[in-house]
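Next come the chains, spelled out residue by residue.
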Amino acid sequence: MGETSGPPTGTGARRFDVSGPRALALEFLRIAVGLVWALNLVFIVAPQNHWFADFSATALSYAPTTIGGPGLAQYVGAHAAVFSWLVALVTTYLAAAFLLGFTTRLACLVGGVFSAILLATQVGSTFVFPGGTDVGEHPLYLVIYIALVVGGAGRTLSVDRWLSDTLARRRAEHAARGLPVPRRAWTAGPSYRFFLAYFTAGILVSFAVTLGLMVAVPSSTPSGVGPTPVYYENLTVSLNPVNGWPQYTPANFTVPTGRVVFTITDHDSPMNWSQCPCVVSGTDKSVEMVNGSPDHIVPSSNVAHSFNIPQLGLDVYSPGQSVVVFTIDLINTGTFVWFCIAPCGAGANPYTTPPMGTPGFMTGTMTVS
Ligand SMILES: [Cu+2]
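The rules we used
- Residue numbers run consecutively from 1 along every chain, following the written order of its sequence.
- In view of the model being predicted, local features appear only for residues whose pLDDT reaches at least 70, and side-chain atom pairs are presented and counted only at 80 or more, with totals across whole chains, interfaces and linings using the full set of residues.
- Side-chain numbers here rest on the full set of heavy atoms in the structure, without hydrogens or water.
- With water excluded from the atoms, a metal site may look incomplete; its donors are any N, O or S atoms within 2.8 Å, or within 3.2 Å for Na, K and Ca.
- In short, tetrahedral needs four donors with all angles between 85 and 135 degrees, square planar needs four and octahedral six donors with opposite donors over 155 degrees apart and all other angles between 65 and 115, and whatever is left is irregular.
- The criterion for a disulfide is a pair of cysteine sulfur atoms lying within 2.5 Å.
- Accessible area is worked out with a 1.4 Å probe on protein chains only. A residue is then buried under 20% of its type maximum, exposed over 50%, and partly exposed in between.
- Helix and strand labels come from DSSP, where a helix needs a run of H or I of at least four residues and a strand needs a run of E of at least two; each type is numbered from the N terminus.
- Two N or O atoms count as a polar contact when they lie within 3.5 Å, although within protein this holds only if one can serve as hydrogen donor and the other as acceptor, and sequence-adjacent residues are included solely when both atoms are side-chain atoms.
- Every residue pair with non-hydrogen atoms within 4.5 Å of one another is taken to be in contact.
- Every helix has an expected span of 1.5 Å times one less than the residues it contains.
- Put simply, a nonpolar core is a bunch of buried Ala, Val, Leu, Ile, Met, Phe, Trp, Tyr and Cys residues held in one set by side-chain atoms that sit within 4.5 Å of each other.
- For two strands to be treated as a pair, DSSP must find no fewer than two bridges joining them.
- A residue's pLDDT is the predictor's confidence in that residue, given on a scale from 0 to 100.
- Within this analysis, patches are made of residues with over 30% relative accessible area and no salt bridge. Like charges are joined at 9 Å or less; nonpolar side chains (Val, Leu, Ile, Met, Phe, Trp, Tyr) at 5 Å or less.
- Calculation of accessible area relied on Shrake-Rupley with a 1.4 Å probe; when residues are assessed, cover is drawn exclusively from the protein chains displayed.
- Put simply, a salt bridge is a Lys or Arg side-chain nitrogen that is within 4 Å of an Asp or Glu carboxyl oxygen.
- Here the axes come from fitting lines to C-alpha atoms, over the contacting stretch only for helices, and the angles between their N-to-C directions go from 0 to 180 degrees.
- Should an angle lie under 35 degrees it is considered roughly parallel, over 145 roughly antiparallel, and from 65 to 115 roughly perpendicular; all remaining angles are considered oblique.
- We call a crossing left-handed when the near helix sits turned anticlockwise from the far one by less than a right angle, and right-handed when that turn is clockwise.
- The classification used treats Ala, Val, Leu, Ile, Met, Phe, Trp, Tyr, Cys and Pro as nonpolar, Asp, Glu, Lys and Arg as charged, and all other residues, Gly among them, as polar.

K.L.:
Where do I start with the coordination of the copper ion in this structure?
P.N.:
Note on metal geometry: ideal angles are 109.5 degrees for four donors arranged tetrahedrally and 90 or 180 degrees for six donors arranged octahedrally. The protein atoms that coordinate the copper ion are H305 (ND1), C340 (SG), C344 (SG) and M362 (SD), at distances of 2.1 to 2.5 Å. Coordination at the copper ion is tetrahedral: its four donor atoms span angles of 98 to 123° at the metal.

Structure follows, in structure tokens:
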């Protein structure tokens, strides 16, 4: 027997071409996925991103758009310490596993389940017409994991391969000397079809369970008896009589937790803002009512001002000479800074000159108590 150079055992390995261009392409795809996860990990640990600190707010920003109510997002937000570490650990594992090709199949399963869960939580914002912008890359990740599993990634350029070769050599040596033969490496076992079945089932089950939890986990938004109490906050944009600058009134206000319906009555002139991002987010159903009709993407032909609270994932756009109504569900108390990002400055650069950024005009605070 001596040195083995080809596939270590007859079963399993022979079914796959482990050195051809297709196999190599598959391994490069695997390594690319590992790099993506490594970049995610860098984002998580970079202190300037406040990833752990903002995790609760990020989870809650999905609450208004999750189908079946905000209960699951609220649960995750309330247990942010557990879930943020869970996500960080999964990210670390996926980065290491895909880069090294170590436990590649398990990594495909973990990554697939992770994407299926995240995809399920985004169904509410993904399948609204004309579609949210936070669809995310998870459908693509899922396709890649399926390709890696079906193609049999991890059979070359990988720790898995090295382990299975090493073990195969030991098996051969032991067999030649009449010693007890060690077990075959689990990474190269013939259970490929079984694994594919488990992989598919795992993805479908985690997708379905997440959807079920979203419906089943009760909302922690105070509901009282009878219809949900709703608080109304009315804001006006008008021109300051002294300096003529447009101004939000009130700029600093307090609202309770729970469901709050905002009305922005904008008396300023219509303005064309061609660079407007204009996608409404963070509101109930990711829409705002403009003069009574729902908009997910506000036409950039008229956006005089905007109302943004990044901490809550809130983006609302206010056309001039119009009334905007939107609903948000507030779970956490605290003071949140809002500001207008529409270029309404009175100076040479309308993005940077006052009233842009001027407290009491185009920025202020919303206190949730
Ligand atoms: Cu403005």
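Now that the structure has been shown, the text picks up again.
K.L.:
Sorry if this is basic, but what is going on with the state of the cysteines here?
P.N.:
By definition, a disulfide links the sulfur atoms of two cysteines through a covalent bond. Using the criterion set out here, one finds one disulfide in the structure. Here C276 engages in a disulfide with C278; their sulfurs sit 1.9 Å apart. Of note, the bridge from C276 to C278 carries an S-S torsion of about 100° and is right-handed in sense. Assessed through its relative accessible area of 11%, C276 is described here as buried. Classification of C278 as buried rests on a relative accessible area of 2%.

K.L.:
How should the side chain of E27 be read in this particular structure?
P.N.:
The topology assignment puts E27 in helix 1 (residues 21–45). Separated by 2.8 Å, the side chain of E27 and the backbone nitrogen of G154 make a polar contact. In terms of polar contacts, E27 uses its side chain to reach the backbone amide nitrogen of R155, at 3.2 Å. Setting aside residues up to four positions removed in sequence, E27 forms contacts with G152, A153, G154, R155, T156 and L157.

K.L.:
Hey, could you run me through helix 5 (residues 104–121) in this one?
P.N.:
The terminal C-alpha atoms of helix 5, which comprises 18 residues, lie 26 Å apart, in line with the 26 Å expected from a rise of 1.5 Å per residue. Residues T104, R105, A107, C108, G111, G112, F114, S115, A116, L119, A120 and T121 constitute the buried set of helix 5.

K.L.:
It is not clear to me how the nonpolar core should be interpreted in this structure. Could you clarify?
P.N.:
If you look at soluble globular proteins, the nonpolar side chains tend to sit buried side by side. With 35 residues, the main nonpolar core has Y248, I264, F307, F326 and M366 as its most contacted residues. Elements represented by at least two residues in this core include exactly strand 1 (230–239), strand 3 (253–255), strand 4 (258–266), strand 7 (305–309), strand 8 (314–318), strand 9 (322–330), strand 10 (334–339) and strand 11 (363–368). The element contributing the most residues to this core is strand 9, with four residues. Once residues lying within four places of it in the same chain are set aside, the contact partners of M366 are F253, V255, F262, I309, L312, L330, G334, T335, F336 and W338.

K.L.:
How should the pairing of strand 4 be read in this particular structure?
P.N.:
The side chains of a regular strand alternate between both faces of the sheet. The element strand 4 is largely enclosed, with a buried count of seven among its nine residues. The pairing of strand 1 with strand 4 spans eight bridges and is parallel. Within the sheet, the bridge partner assigned to Y231 lies in strand 4 and is V260. Where strand 4 meets strand 9, nine bridges bridge the pair, whose relative direction is antiparallel. By the bridge assignment, F262 is partnered in strand 9 with F326.

K.L.:
Teacher, can you tell me more about the confidence of the model for the protein here?
P.N.:
Segments scoring low in pLDDT should not have their predicted coordinates read at a detailed level. Here the protein shows a mean pLDDT of 83. Residues at 70 or above account for 83%. Here residues 1–15 is a poorly scored stretch, pLDDT under 50, and it has 18 contacts once near neighbours within four places are set aside; other chains count. Predicted confidence is poor over residues 222–227, with pLDDT under 50, and the contacts of this stretch with residues over four places away or in other chains come to six contacts.

K.L.:
Help me understand a nonpolar patch on the surface in this model?
P.N.:
Among the surface-exposed residues, L35, L99, L100 and F102 lie close enough to one another that they form a single nonpolar patch of about 350 Å² accessible area. Locating L100 in the fold gives a position in helix 4 (residues 80–100).

K.L.:
Sorry, what's going on with the sheet that holds strand 6 (residues 293–295) here?
P.N.:
Across a sheet, strands are paired by hydrogen bonds formed along the backbone, either parallel or antiparallel in direction. Overall, mixed pairing links the six strands, which are arranged 2-1-4-9-5-6 in an open sheet. For this open sheet the edge positions go to strand 2 (246–249) and strand 6, each flanked by a neighbour on one side alone. The sheet shows a mean angle of 25° between the axes of neighbouring strands, direction not considered. Bridge analysis of strand 1 against strand 2 gives four bridges, and the strand direction is antiparallel. Directly across from S238, in strand 2, lies its bridge partner Q247.

K.L.:
When you look at the packing of helix 5 against helix 7 (residues 138–151) in this model, what are you seeing that I'm missing?
P.N.:
Contact geometry for helix 5 and helix 7: axes closest at 9 Å, N-to-C directions at 155°. Considering the angle they form, helix 5 stands roughly antiparallel to helix 7. Classified by chirality, the crossing of helix 7 by helix 5 is left-handed. Across the interface between the two elements, C108, G111, G112, S115, L118 and L119 of helix 5 pack against H138, P139, Y141, L142, Y145, L148 and V149 of helix 7. Classifying every residue of the contact of helix 5 with helix 7 gives nine nonpolar, four polar and no charged.

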